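# Close look at the chain arrangement
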Protein chains: 2
Amino acid sequence: MSGKRSLIRSGTTVDQMVRAIGDRIVTGFLRPGEKLDEASLAARFDVSRTPVREALGRLSAMGLVERRPNRGATVAVVTQEHLASMFESMAELEAICARFSAERMTAGERRALESEHQASARLVQLGAEEDYEYFNTEFHTRLYRGAHSKHIYELTVMTRSRLAPFRRAQFMLPGRLAKSWQEHDVIVTAIMRGDGAAAGQAAKDHVSIVSEASAVFAAVDPMKPADSIGMSS
Amino acid sequence: MSGKRSLIRSGTTVDQMVRAIGDRIVTGFLRPGEKLDEASLAARFDVSRTPVREALGRLSAMGLVERRPNRGATVAVVTQEHLASMFESMAELEAICARFSAERMTAGERRALESEHQASARLVQLGAEEDYEYFNTEFHTRLYRGAHSKHIYELTVMTRSRLAPFRRAQFMLPGRLAKSWQEHDVIVTAIMRGDGAAAGQAAKDHVSIVSEASAVFAAVDPMKPADSIGMSS
DNA sequence: GGCACAGCGATTGCATGCACTTTTACGAGA
DNA sequence: TCTCGTAAAAGTGCATGCAATCGCTGTGCC
């Protein structure tokens, strides 16, 4: 077809498709249950069906889309039950990360974690939800990295990405920002004094609260017509 | 080409390829670091390159193969460090499963677990390694299922499959069979009395021991020329 | 003698086409 | 009118072909 890719330009076409489609799922632009037609997607992104197929295969392996032989792909629909299961897993994984972080972080990592955390207090005062959410992601990533365990890191990041669609709006709850910061504070304090058990427990509690905060939004849009596929902004 | 698939015959061709190639990796028939040539694989299984490519993509997402753009795919090579990380994760995951199992298993599940476990005592007496390994897999699967958490189950099974190549020979260590059964017994006992903490700790210890037992074999063949596909000497 | 670059072979990446499966729409019979 | 059957349409699954990229080898230059 037309010459060049006009996309984010990096990696192979398949990688771009994985990101493009994955993002649209994670950000909720594509709704759970929505049908993913190969031809439409290919046309939408101006590529052939082959890379689209491969991308769908990988997204399927990631759990973001469901695929039934000869029946096409749909955005993975998560039941309330499965969602709870994922949040529960997330809590356990974060607990492990926090515990390991308390036991294994280098002095430099501890310092970085704490200073970033302290700096973020400003964001809370300002009520900067956007910025705080970005910091929040960073904060948790530090915890995952601090565990010094590649596999745990992979499992955790994977689970987080699957939960992403359901966590978007958590900071819109009133007062959530300040509470989140305080919860982080408990975790950081425990990590700084090397108390793995306390750090783990605090992290688990933290996620559990996020889980409950997000449960509200899980109820909405279990499916919905297909207005989406058109152009965005 | 020739007419019918001669393979395990189930699911799509891609699924068959994923299983076929995955099995060869998991069973060690394909060595870590070995190059996976699309054309060769396609010829080997008498399919076109397309399903092979898709299968490699999925195996890559599973972590069994590594893929660099324009440079082909190789069997994922796991460093000693990463292997330790995976065993560590496995221990944590099994601990979670055992803990949840102790708290959540239905009466029926508990009964089944215990009776299977008791039945397996015979296998130990007979020294039936093959059969015991099969039972062992079943036993652990029961634990994963008993956690009643789909996502934890998925994470655990995924991790187990990645560890499979390194666990094959564990029961060849002298006396391992009996020890394994005793360790299982501790787990079962804790689960039967609903003691989550104890079950979790016992499961973690169990995996840790397996980890050490397997470490011996991890040292061998971190790679190896590439005698496999063609002539050697 | 060593290094750099150009040409060539090998291999991957993507597009297109055809076969097969599923789904849907329509019509005949009860 | 409802049900069942059948056939067309849609959409997926796989094969094949071509373009692009990587790696290697050989040659020229320093």
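Rules behind the numbers
Residues numbered from 1 in each chain as written. Chains lettered and ligands numbered in written order. Predicted model: local features only at pLDDT ≥ 70, side-chain atom pairs only at ≥ 80, totals over all residues. Near = placed C-beta within 6 Å. Helix = DSSP H or I, 4+ residues; strand = E, 2+ residues; numbered from the N terminus. Nonpolar A, V, L, I, M, F, W, Y, C, P; charged D, E, K, R; others polar. Contact = placed C-beta atoms within 7 Å. Least-squares fit on C-alpha atoms with pLDDT ≥ 70 in both. UniProt positions renumbered as here; feature names shortened; annotations may be inferred. Domains from an automatic or database assignment. Buried ≥ 20, exposed ≤ 12 C-beta atoms within 10 Å, placed from the backbone. Pairing = 2+ DSSP bridges. Expected span 1.5 Å × (residues − 1). Arc of directions from axis to C-beta. Core = buried A, V, L, I, M, F, W, Y, C linked by C-beta atoms within 7 Å. Axes fitted to C-alpha atoms, helices over the stretch in contact; angles between N-to-C directions. pLDDT = per-residue confidence, 0-100. Parallel < 35°, antiparallel > 145°, perpendicular 65-115°, else oblique. Left-handed = near helix turned anticlockwise from the far one by under 90°.

## Topic: the protein's contact with DNA strand D
As a matter of local geometry, DNA strand D sits amid 18 residues, with A:Gly72, B:Thr13, B:Ser48, B:Thr50 and B:Asn70 nearest to it. Within the residue set of the surface near DNA strand D, elements represented by two or more residues are helix H2 (38-45) of chain A together with helix H1 (13-26) and helix H3 (49-62) of chain B. At three residues, the largest contribution of residues to the surface near DNA strand D is made by H3(B). Its residues assigned to classes, the surface near DNA strand D shows six nonpolar, eight polar and four charged.

## Thoughts on the interface of chain A and chain B
Each partner contributes residues to the interface: chain A has 22 residues there, and chain B has 22 residues. Taken together, the elements giving at least two residues each to the side of chain A that touches chain B come down to helix H3 (49-62), helix H4 (80-104) and helix H7 (150-163) of chain A. Among the residues forming the side of chain A that touches chain B, the class breakdown is seven nonpolar, nine polar and six charged.

## Comments concerning the relation of the copies chain A and chain B
Two chain copies here: they are related by a rotation about an axis and a translation along the same axis. Of the transformation superimposing chain A on chain B, the axial component is 0.0 Å and the angular component is 180 degrees, with the fit at an RMSD of 0.1 Å. What the superposition gives is, in effect, a two-fold axis relating one chain to the other. Here 100% of the contact residues of chain A are again contact residues in chain B; the copies associate through an equivalent surface.

## Thoughts on the UniProt feature "domain: HTH gntR-type" (unreviewed entry) in chain A
Feature annotation in UniProt places "domain: HTH gntR-type" (unreviewed entry) on residues 11-78 of chain A, given in this structure's numbering. Each end of residues 11-78 of chain A is marked by a C-alpha atom, and these two atoms are 30 Å apart; helix forms 53% of the span and strand 15%.

## Observations concerning the domain arrangement of chain A
For chain A, the assigned domains read domain 1 (13-75) and domain 2 (80-218). Once you take the C-alpha centre of each, domain 1 of chain A and domain 2 of chain A turn out to be 29 Å apart.

## Some remarks on the pairing of strand S3 (residues 72-75) of chain B
Residues and elements named next belong to chain B. What you see with S3 is a clean split: Ala73 and Val75 sit on the buried side and Gly72 and Thr74 on the side with no burial. In the sheet, strand S1 (residues 35-36) pairs with S3 via two bridges, with the strands oriented antiparallel. Its bridge partner being in S3, lysine 35 is matched across the sheet by threonine 74. Note that strand S2 (residues 65-68) and S3 share four bridges and pair antiparallel. Looking at S3, one finds that glutamate 66 is bridged to threonine 74. Hairpin connection between S2 and S3: a loop of three residues separates the two successive antiparallel strands, and asparagine 70 in this loop has a positive phi of roughly 65 degrees.

## Notes on the protein's contact with DNA strand C
Around DNA strand C lies a shell of 18 residues, among which A:Thr13, A:Ser48, A:Thr50, B:Glu38 and B:Gly72 are the nearest. Put simply, the parts of the chain that give the surface near DNA strand C at least two residues each are helix H1 (13-26) and H3 of chain A together with helix H2 (38-45) of chain B. Sorting elements by how many residues they give to the surface near DNA strand C places H3(A) first, with three residues. Across the surface near DNA strand C, the residue classes break down as six nonpolar, eight polar and four charged.

## Examining helix H8 (residues 176-192) of chain B
Residues and elements named next belong to chain B. Between the first and last C-alpha of H8 there are 24 Å, a value that for 17 residues agrees with the 24 Å anticipated at 1.5 Å per step. Buried residues of H8: Leu177, Ser180, His184, Ile187, Val188, Ala190 and Ile191, and no others. An end-on view of H8 places all buried positions within 165 degrees of arc, on one side of the element. Trailing H8 by a residue or two, glycine 194 shows a phi angle of about 70 degrees, which is positive.

## Overview of the sheet that holds S1(B)
Taken in spatial order, the three strands of this open sheet run S1-S3-S2 (chain B), and their pairing is antiparallel. Across the chains shown, the open sheet's two edge strands, defined by having one partner strand only, are S1 and S2 of chain B.

## So, the nonpolar core
Grouped together as the largest cluster of nonpolar side chains are 62 residues, with contacts concentrated most on A:Cys97, A:Ala98, A:Ile191, B:Cys97, B:Ala98 and B:Ile191. The element that contributes the greatest number of residues to this core is helix H4 (residues 80-104) of chain B, accounting for twelve residues. Look past the residues within four positions of B:Ile191 in its chain and what remains in contact with it is B:Ala98, B:Ser101, B:Ala102, B:Met105, B:Arg110, B:Leu113 and B:Ala199.

## Regarding unusual backbone geometry
Residue and element names in this part refer to chain A. Of note in the backbone geometry, aspartate 46 takes a positive phi value of approximately 60 degrees without being a glycine. You can see aspartate 46 is positioned in the loop between H2 and H3. Unusually for a residue other than glycine, histidine 148 sits at a positive phi of about 55 degrees.

## A word on the sheet that holds strand S1 (residues 35-36) of chain A
All names here are of chain A. Spatially, the three strands line up as an open sheet ordered S1-S3-S2, and their pairing is antiparallel. Each edge of the open sheet is held by one strand with a lone partner, namely S1 and strand S2 (65-68). Packed on one face of the sheet, H3 meets S1, S2 and strand S3 (72-75) and runs near 110 degrees to S2.

## What about the confidence of the model for chain A?
Residues and elements named next belong to chain A. In this model, chain A carries an average pLDDT of 85, and 85% of its residues clear a pLDDT of 70 or more. Predicted confidence for residues 1-9 stays below pLDDT 50, and this span has eight contacts to residues more than four positions away or in other chains. Across residues 219-233, where pLDDT falls below 50, the model places 14 contacts with residues more than four positions away in sequence or in other chains.

## A few points about the environment of B:His184
Position of B:His184 relative to the elements: it lies in helix H8. Leaving out residues up to four positions away in the same chain, B:His184 has contacts with B:His117 and B:Phe139.

## Some remarks on the packing of H2(A) against H3(A)
All names here are of chain A. Packing of H2 against H3 leaves a shortest axis separation of 9 Å and a crossing angle of 115 degrees. As far as their axial angle goes, H3 and H2 are roughly perpendicular. Read as a crossing pair, H2 and H3 show a hand that is right-handed. For the pair formed by H2 and H3, the contact residues are Glu38, Ala39, Leu41 and Ala42 on the first element and Arg49, Val52 and Arg53 on the second. Each residue belonging to the contact of H2 with H3 can be placed in one class, and the counts come to four nonpolar, no polar and three charged.

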